[in-house]
Amino acid sequence: MLKHIDDLEAKTNEELLALYRETHSIEVRQELTMRYLYIVKAIAVQMRNVYEGSMQMEDIVNEGVIAIIKGIDRYDPDMDNKFETFISRRIRGMIIDLMRKNDWMPRDYRRQNKAIENARLYLAETTGKQPTYSEIAAYLGMDEKKCRKIEQISTMANVLSMDMVINGEEGNQTLQLPSSDVSSQPEHAFLKEEQIQTLAGAIRSLKEKEKMVISLYYVEELNMGQIAQVMEVSEPRISQIHSAAIRKLRAYMNAVE
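Structure report, in brief. Remember, predicted model here, so these are calculated numbers, not experimental data.

1. Observations regarding helix α7 (residues 109-127)
Residue pairs spaced three or four apart in an α-helix point in one direction, given the helix's 3.6 residues per turn.
Now for step 1: When the terminal C-alpha atoms of α7 are compared, their 26 Å separation across 19 residues agrees well with the 27 Å that a helix rising 1.5 Å per residue should span.
Now for step 2: Within the span of α7, buried status applies to Y109, Q112, N113, I116, E117, A119, R120 and L123. Buried residues of α7, viewed axially, fall in a sector of 165°; they line one side. For α7, the exposed residues lying more than 90 degrees away from the buried face are R111 and E125.
Now for step 3: Just downstream of α7 lies G128, where phi reads positive at about 80°.

This is how it looks when you write it as structure tokens:
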């Protein structure tokens, strides 16, 4: 147990993490928790559109503090990435778990999301261009605002799931191509070497713009708005490209199973 702490504020985060591994001092853990609180707040803001209506940001932040405390205890620099990456992953997973427990998906979401996907494919084939939200909503007799909301939920669900695929949890890579049913996703199924190669092949099969969006989001860690700026197209268009890429990856993986 640590008998004396010499000016914790002067130490770097890395020095504090090393000190905690040696001492398991509550004071050191408290200092680290406060330093990494900004990550919880940033992710809570980033994902607000997903959990809004079912949870409050204050609830997310409170649960995030607990996730940081547990993460500090479980973090192993020899096995995991930087702590910032490690804890960000855990916090996103925590929010997904909270959304599932609070039944965040609209009751008829899956049926309506499928109808929107089918309508988009049909209109694209018949008109030769990607339909707008208003065109899809008019075709389905659906309120355009509701159509946008369902599409937003679908895109975010895919984003969160793919984030788990690429990053894994606590150093373990997992095979989890996004499913329309978020509650059925097996985050803890280990990804075998041949499956890694298959996923790599699936990514290579994508169109250039699709590969660019996947790369910018999962490798460069840009958000949808930033990607839209880089590619000089609208943010909704980036979401469409991302969703199309996810559907292709899912279909590719299902075909080789």
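Once the structure has been displayed, the description carries forward.
2. So, unusual backbone geometry
Now for step 1: One non-glycine residue, H24, adopts positive backbone phi at about 55°.
Now for step 2: Tracing the backbone shows H24 in the loop between α1 (13-23) and α2 (26-35).
Now for step 3: Look at H24 and you get exposed, because its relative accessible area is 52%.

3. Looking at the packing of α1 against α2
Packed helix pairs are specified by the crossing angle of their axes together with the interaxial distance, meaning the distance between the axes.
Now for step 1: Here α1 crosses α2 at 145°, and the two axes come no closer than 9 Å. For the pair α1 and α2, the crossing hand works out as left-handed. Residue-level contacts link N13, L16, L17, L19 and Y20 of α1 to V28, R29, E31, L32 and R35 of α2.
Now for step 2: Of the residues contributing to the contact of α1 with α2, the split by class is six nonpolar, one polar and three charged.

4. Overview of the pattern of salt bridges
Now for step 1: Across all of its chains, the model carries six salt bridges by this definition.
Now for step 2: We note a salt bridge from D73 to R29, for which the minimum N-O separation is 3.2 Å. Of the two residues, D73 sits in helix α5 (residues 57-74) while R29 sits in helix α2, which places them 44 residues apart along the sequence.
Now for step 3: By relative accessible area, which is 40% here, D73 ends up partly exposed.

5. Side note on the packing of helix α3 (residues 37-46) against α5
Now for step 1: It is at 9 Å that the axes of α3 and α5 come closest, and there the two elements cross at 140°. By the criterion of interaxial angle, the relationship of α3 to α5 is oblique. For α3 against α5, the interelement crossing comes out right-handed. Counted together, L37, V40, K41, A44 and V45 of α3 and M57, I60, V61, G64, V65 and I68 of α5 form the full contact between these two elements.

6. Focus on the packing of aromatic side chains
Now for step 1: For the structure on display, the rule yields five aromatic pairs.
Now for step 2: On the numbers, 5.1 Å between centres and 85° between planes, the contact of Y75 with F83 is edge-to-face.
Now for step 3: Judged by its relative accessible area of 11%, Y75 is buried.
Now for step 4: When the centroid spacing of 5.9 Å and the interplanar angle of 40° are considered together, the rings of F83 and F86 count as tilted. Linking F83 with F86, this pair stays in helix α6 (residues 83-101), spanning three residues, or about one helical turn. Each of the two residues, F83 as well as F86, counts as buried.
Now for step 5: A network of ring pairs unites the aromatic residues Y36, Y75, F83 and F86 as a single cluster.

Procedures and definitions
Residues numbered from 1 in each chain as written. Predicted model: local features only at pLDDT ≥ 70, side-chain atom pairs only at ≥ 80, totals over all residues. Heavy atoms only, no water. Helix = DSSP H or I, 4+ residues; strand = E, 2+ residues; numbered from the N terminus. Expected span 1.5 Å × (residues − 1). Buried < 20%, exposed > 50% of the residue type's maximum accessible area, 1.4 Å probe, protein only. Arc of directions from axis to C-beta. Axes fitted to C-alpha atoms, helices over the stretch in contact; angles between N-to-C directions. Left-handed = near helix turned anticlockwise from the far one by under 90°. Contact = heavy atoms within 4.5 Å. Nonpolar A, V, L, I, M, F, W, Y, C, P; charged D, E, K, R; others polar. Salt bridge = Lys/Arg side-chain N within 4 Å of Asp/Glu carboxyl O. Parallel < 35°, antiparallel > 145°, perpendicular 65-115°, else oblique. Phe/Tyr/Trp six-rings, centres within 6.5 Å; stacked < 30°, edge-to-face > 60°.

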